[in-house]
Amino acid sequence: MLEIEIDGKQVTVEDGSTIMDAATKIGAFVPHFCYHKKLSIAASCRMCLVQVEKAPKPLPACATPVTNGMKVWTRSEQAVKAQKGVMEFLLINHPLDCPICDQGGECQLQDLAVGYGGSQSRYEEEKRVVLNKNLGPLVSTDMTRCINCTRCVRFTTEIAGQMELGQAFRGEHAEIMPFVEKTVDSELSGNIIDLCPVGALTSKPFRFSARTWELARRRSVSPHDSLGSNLIVQVKHDVVKRVLPFENEDINECWLSDKDRFSYEGLNSEDRLTVPMLKQDGVWKETDWQTALEFAGNGLRKTAKQNGPDSIGALASPHSTIEELYLLQKLTRAIGSDSVDFRLRQSDFRADGFREGAPWLGIPINEVAGLNRLLVIGSFLRKDSPLLAQRVRQAAKRGLHVSAIGASAEEWLLPVKNRVLAAPSAIVPALLQVVAALAAEKGVAVAEHLAAAMPASVSDDARAIAQSLASGRKVAVWLGNLAVQCEYATEIQQLAEEIARLTEGAFGVIGEAANSVGGYLAKAVPLVGGLNAKQMLEQPRKAYLLLNAEPALDFANPALAQSVLGAAPLVVALSAFKSESLLAAADVLLPIAPFTETSGTFVNCEGRAQNFNAVARPLGDTRPGWKVLRVLGNLLEFEGFEHNDSETVAAEALAAGSRPDLGNRLFGLEFNFAAQTVAGLERVSDVPIYAADPLVRRAKSLQKTRDAKAPVASASAATLAAIGVESGGRVRLKQGQASVEVPIVADESVAANCVRVAAATAATSVLGAMCGEISVERV
């Protein structure tokens, strides 16, 4: 620890700290532009010049290391003169367009110019003009305003992991530009808007829609991936205009993924459901709440009476709130049915009844930085959870060794030390080899129930992963979406648990959605013999309750879901949006509020419950989902539906002792570790980042990005050669009776004998299960 004096105040800081760190610690403001606490030091703007005792000239506070006994003045005559001189140079070429600049009112340059700028410019020469750059559908540019702080360049390289921006030319001709006229396609690109201290980079969807002082600011929580990013939602006249990050070091730090930032555009899409609707003789008609609720209540009561309560099933999206999931399962069980499930994209449910607690990440999010070994199994990590991938990326810079086993080797923009590329059916044998090699490396016996399944030989890749994990001090093993959703999920989890046990590490599940953990805590799963999501479709029910789910896009087998729900005598759908598949399947549509128009709770992947309030009034006749379910309970005259607010529902749902705790252990279940054989090609399905839920699918700007382009099939060159297809040609994909024609391309990141086909898209919604056999024919 070192002691220094800043503006007459003593402060103690760690060795290696800078003057800026010390000034921040005691609350002394030092003006700056290029400095940012999460980025490397550039010291390019020179705005943070301060006076240091015995130094011949002012020094940049952001880049000057502290020495013991140092004396610093941030507001001395010398320091202020230097800062004003820098400001004059920064403003030489800056356009005088504050009145039309989108950054006006929240601009660092504007604010500091008031304190450090002159009343008039001494520069009379011609100002330079820089042509704007096309960075894509999310970020708008006015590059003449750029002061070359390079924050955006450092962010894309250091945080997003991909050098998409750079600085070209020198002196006053220096420009920030993308490489070879490319757009910025990172899933974290919106953060450069926040980082830009001037109006050079602004939000294209928000552009010219409101002034910052006109906006009300309200806190919320992201309803998308399992991280649960904290948001500031900005509203004008009850319309969401912009979403910004709320800084929380334990969760999203000061960043947001583009999905969290721009999905608000879907709130006012043409598909928004704002009034209750009834289907009469195949024709949809708008109605009032009383009529719609009575139709739903009478239909459920009649179905239970005529066919038994077991003939009713409830299917919910994991993007629903705790309150909605809890009251849905409570209503279903009050009717007399235990068939309720939120795991719509899951295929393997053999672990039900043998699971101890709710699956979670296994460690707090902020402890990812402390890991030094990580094994990720069956995950599209970078797109499924962009900010968790960002934390892993930063940890990898500090020495974390990442290993991966899965059917896809897509680029995570971080070094993967060891990788096994295996078809879904080959992941279990690959894990068995890792377990065998790890046990030998550690000199311990494997669990008794696994001993008979140990392979006679181990591949070099499996041995390399085992050696890496065995040498770790703090180890984690994570399951991704593919591992959880595929038909071998139970065996994969058991083997991942064993790897974590042998390494004395943490085992966890990354999670698919905002309430992948919360759905278990709310008991929105069958508990006493009810049917799971897969069984409810394979054994059709007479009536279904659908919550926030679209049959064509939110199920593991969309073709089966559309067929079964379309043929069901009664489907009551609670949704914020209407879609073709929902209109075809449902008999009554009840408009419920999206996350911005209701209060609720999401439980993120680390098990943290985060509640939020409505930021805008409900649109049209929309009502909060929990309230609609409560009223349905009242109409059916069930006890326990007297809640007056969402807080009461959440307190009941999450009361200690009334819900399962966090946990990842399976027990007492017989496993089949025999080698799986698949005769033909296997389907590998990812859910594209901008197709994961109903809200993000309707965000227009996100749907214009490269990640939202029309899906194509992909396979390795060897697989294409084996089936006699050329890269770039069109093929017919078939699963069962369903088929679809798409282009196919060569992609060496796909495992052998596999075809990668995106799920949750209109183009592939007629196909069958997300995992299993698929056939490919030339067109």
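What you are looking at is a predicted structure, and each value in this text was computed from that prediction instead of being measured.

Asks: Just to check I follow, could you spell out the overall build of the protein chain for this structure?
Replies: Of the regular secondary structure elements, the protein chain holds 21 helices and 34 strands. Taking 779 residues into account, the globule formula puts the C-alpha radius of gyration at 28 Å, and the protein chain, at 28 Å, falls close to it. C-alpha atoms of the protein chain, sized along the principal axes, occupy 90 × 70 × 60 Å. A total of 779 residues make up the protein chain; the buried ones form 61% of that total. Sequence-distant contacts, at least 24 apart, represent 73% of the contacts inside the protein chain between residues at least 6 apart. If you sum the accessible surface of the protein chain, you get close to 30,900 Å²; carbon and sulfur atoms cover 50% of it.

Asks: Sorry, what's going on with the UniProt feature "domain: 4Fe-4S His(Cys)3-ligated-type" (unreviewed entry) in the protein chain here?
Replies: The sites that UniProt annotates as "domain: 4Fe-4S His(Cys)3-ligated-type" (unreviewed entry) are residues 78–117. A distance of 16 Å separates the end C-alpha atoms of residues 78–117, which is 60% helix and 0% strand.

Asks: Please clarify how empty space enclosed by the protein should be interpreted in this entry.
Replies: It is a probe the size of a water molecule, rolled over the atoms, that shows where empty space is left. In total, this model carries nine cavities of 30 Å³ or more according to the counting rule given. Lining the largest cavity are 26 residues; nearest its centre among them are Gln346, Pro359, Val484, Val509 and Tyr520. The dominant element in the lining of the largest cavity, judged by the number of residues it contributes, is helix H13 (residues 481–485), at four residues. Tallied by class, residues from the lining of the largest cavity come to 13 nonpolar, eight polar and five charged. There is about 290 Å³ of room inside the second largest cavity. Around the second largest cavity sit 22 residues that line it, and His319, Asn548, Pro594, Phe595 and Leu695 are the ones nearest its centre. Here the lining of the second largest cavity is built from residues that sort into 11 nonpolar, eight polar and three charged.

Asks: Would you mind showing me how to read the sheet that holds strand S24 (residues 570–575) here?
Replies: Two modes of strand pairing occur in sheets, parallel and antiparallel, and in both the strands are linked by backbone hydrogen bonds. Taken together, the seven strands give an open sheet; going across it, the order is S14-S13-S25-S24-S23-S15-S16, and neighbouring strands pair in mixed fashion. Each end of this open sheet is capped by a strand with a single partner; those strands are strand S14 (283–286) and strand S16 (340–341). With five bridges joining them, strand S15 (residues 312–316) and strand S23 (residues 543–547) adopt parallel strand pairing. Paired with glycine 313 across the two strands is tyrosine 544, which belongs to S23.

Asks: How should the pairing of strand S13 (residues 277–280) be read in this particular structure?
Replies: Moving residue by residue along a regular strand, the side chains alternate between the two faces of the sheet. Pairing of S13 with S14, which is carried by four bridges, proceeds in the antiparallel orientation. In the strand pairing of S14, lysine 279 is matched with tryptophan 284. Two successive antiparallel strands, S13 and S14, enclose a turn made up of two residues, where aspartate 281 displays a positive phi of approximately 55°. Direction of pairing for S13 relative to strand S25 (residues 588–591): antiparallel, over a ladder of two bridges. When the sheet's bridge partners are listed, leucine 278 is paired in S25 with valine 588.

Asks: Got a minute to help me understand the sheet that holds strand S5 (residues 71–73) in this structure?
Replies: If you walk across this open sheet you meet the five strands as S2-S1-S5-S3-S4, and the pairing is mixed. The strands lining the two open edges of the sheet, one partner per strand, are strand S2 (9–13) and strand S4 (59–60). On the sheet, helix H2 (residues 77–92) packs against strand S3 (49–52) and S5 and is oriented at approximately 160° with respect to S3.

Asks: Got a minute to help me understand the packing of helix H11 (residues 427–442) against helix H14 (residues 489–503) in this structure?
Replies: For any two helices packed against each other, the geometry is given by the interaxial angle and the distance between the axes. Contact geometry for H11 and H14: axes closest at 10 Å, N-to-C directions at 15°. Of the possible angle classes, the one that applies to H11 and H14 is roughly parallel. Seen along the crossing, H11 lies across H14 with a hand that is left-handed. Contacts between H11 and H14 pair Ile427, Val428, Leu431, Leu432, Val434, Val435, Leu438, Ala439 and Lys442 from the former with Glu491, Ile492, Leu495, Glu498, Ile499, Leu502 and Thr503 from the latter. Here the residues of the contact of H11 with H14 sort into 12 nonpolar, one polar and three charged.

Asks: How should H14 be read in this particular structure?
Replies: Think of an α-helix as turning once every 3.6 residues; residues three or four places apart then point the same way. If you check H14, its first and last C-alpha atoms are 21 Å apart, about what 15 residues at 1.5 Å a residue would give, namely 21 Å. Of all 15 residues in H14, 14 are buried; the element is thus mostly enclosed. One or two residues past the end of H14 sits glutamate 504, with phi positive at roughly 55°.

Asks: What exactly am I supposed to notice about a nonpolar patch on the surface here?
Replies: Together, Met163, Phe179 and Val180 make up an exposed nonpolar region whose accessible area comes to about 330 Å². Here phenylalanine 179 falls in the partly exposed class, since its relative accessible area comes to 35%.

Asks: Help me understand the side chain of asparagine 230, please; the structure alone is not making it clear to me.
Replies: Relative to the elements of secondary structure, asparagine 230 occurs in strand S11 (residues 230–236). One polar contact links asparagine 230 to arginine 219, side chain to side chain, over a distance of 3.3 Å. The contact partners of asparagine 230, leaving out residues within four places of it in the chain, are Arg219, Ser220, Leu244, Pro245, Phe246, Asn248, Ile251, Asn252, Leu256 and Gln610.

Cut-offs applied
Residues numbered from 1 in each chain as written. Predicted model: local features only at pLDDT ≥ 70, side-chain atom pairs only at ≥ 80, totals over all residues. Heavy atoms only, no water. Helix = DSSP H or I, 4+ residues; strand = E, 2+ residues; numbered from the N terminus. Rg over C-alpha atoms; globule rule 2.2 N^0.38 Å. Buried < 20%, exposed > 50% of the residue type's maximum accessible area, 1.4 Å probe, protein only. Contact = heavy atoms within 4.5 Å. Areas by Shrake-Rupley, 256 points an atom, 1.4 Å probe, with all protein chains shown as cover. UniProt positions renumbered as here; feature names shortened; annotations may be inferred. 1 Å grid on protein atoms, 1.4 Å probe; cavity = no way out; pocket = protein on both sides within 12 Å on 5 of 7 lines; lining within 4 Å. Points joined across faces, edges and corners; volume = space filled by probe spheres on them. Nonpolar A, V, L, I, M, F, W, Y, C, P; charged D, E, K, R; others polar. Pairing = 2+ DSSP bridges. Axes fitted to C-alpha atoms, helices over the stretch in contact; angles between N-to-C directions. Parallel < 35°, antiparallel > 145°, perpendicular 65-115°, else oblique. Left-handed = near helix turned anticlockwise from the far one by under 90°. Expected span 1.5 Å × (residues − 1). Patch = residues over 30% accessible without salt bridge, like charges linked within 9 Å, V, L, I, M, F, W, Y side chains within 5 Å. Salt bridge = Lys/Arg side-chain N within 4 Å of Asp/Glu carboxyl O. Polar contact = N/O pair within 3.5 Å; in protein donor to acceptor, adjacent residues only side chain to side chain.

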